[in-house]
Amino acid sequence: MSVDEEREEKIVDLIKIADEKLKYAYARYSNIRVVSILISRDGTIYYGVNIENASYGLTICAERVAIFKAVSEGKTNFSKILIYSPDTIPWPCGACRQVMSEFFSSDVEVIIAYKEENKIKYVKTTFEELFPGKYRFKIA
Ligand code: THU
């Protein structure tokens, strides 16, 4: 098996795990369920789901849930994030991209996975491509 095939296989495995976590998405208003799987550089895995609120505005996306879980446990260095939804193509919103930019270096792998005609598809990109020109508090 080539290195590329092995990588593809790992992504498919991660999507299967994300699919199992779908049941935890609290999406009673939009019915759009999203799961994120965040992997820290030491290999720890954090899961997040979207958690909606009757006020709508207080809804939090799956990506931020995973990031905040990780940071609250002392992890701030990440290698990969997978975002999966069977209900839409879950490109991260602007708020999540800004939060990611606090912790993600440009090489963090970003995988956006979705379902089309009942088949799993995914797009692989990097944080640099997703969010170029990030705002910094000070020029280093
Ligand atoms: N949502 C996420 O959790 N992540 C994304 O990448 C896009 C949007 C959620 C927020 C809300 O609960 C639902 O999807 C519909 O916007």
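Bear in mind the structure is a predicted one, so any value in this text is a computation, not a measurement.

Now for the nonpolar core. Burial of nonpolar side chains together is a common tendency in soluble globular proteins. Ranked by size, the top nonpolar core spans 19 residues in total, and within it Leu38, Ile81, Ile83, Met100, Phe104, Val110 and Phe127 carry the most contacts. Those elements that place two or more of their residues in this core are helix H2 (62-71), strand E3 (78-85), helix H3 (94-103), strand E4 (109-116) and helix H4 (127-130). Considering every element that reaches this core, the biggest residue donor is H2, with four residues. When near neighbours in sequence (up to four residues on either side) are disregarded, Val110 contacts Ile81, Ile83, Val123, Lys124, Thr125, Thr126, Phe127 and Leu130. By size, the runner-up hydrophobic cluster in this structure holds 14 residues, among which are Ile11, Ala18, Leu82 and Tyr84.

Let us now look at H3. Among the residues of H3, those classed as buried are Cys96, Arg97, Val99, Met100 and Ser101. Buried residues along H3 sit against H2, E3 and H4.

A separate point is unusual backbone geometry. A positive phi angle, near 65 degrees, is found at Tyr56, a position not held by glycine. Take Tyr56: it is sitting in the loop between strand E2 (45-49) and H2. Residue Tyr56 is classed as exposed on the basis of its relative accessible area, which comes to 57%. A positive phi is found at Asn118, a non-glycine position, where the angle reads about 65 degrees. Note on placement: Asn118 falls in the loop between E4 and strand E5 (119-126).

About the thresholds
Residues numbered from 1 in each chain as written. Predicted model: local features only at pLDDT ≥ 70, side-chain atom pairs only at ≥ 80, totals over all residues. Heavy atoms only, no water. Core = buried A, V, L, I, M, F, W, Y, C linked by side-chain atoms within 4.5 Å. Buried < 20%, exposed > 50% of the residue type's maximum accessible area, 1.4 Å probe, protein only. Helix = DSSP H or I, 4+ residues; strand = E, 2+ residues; numbered from the N terminus. Contact = heavy atoms within 4.5 Å.

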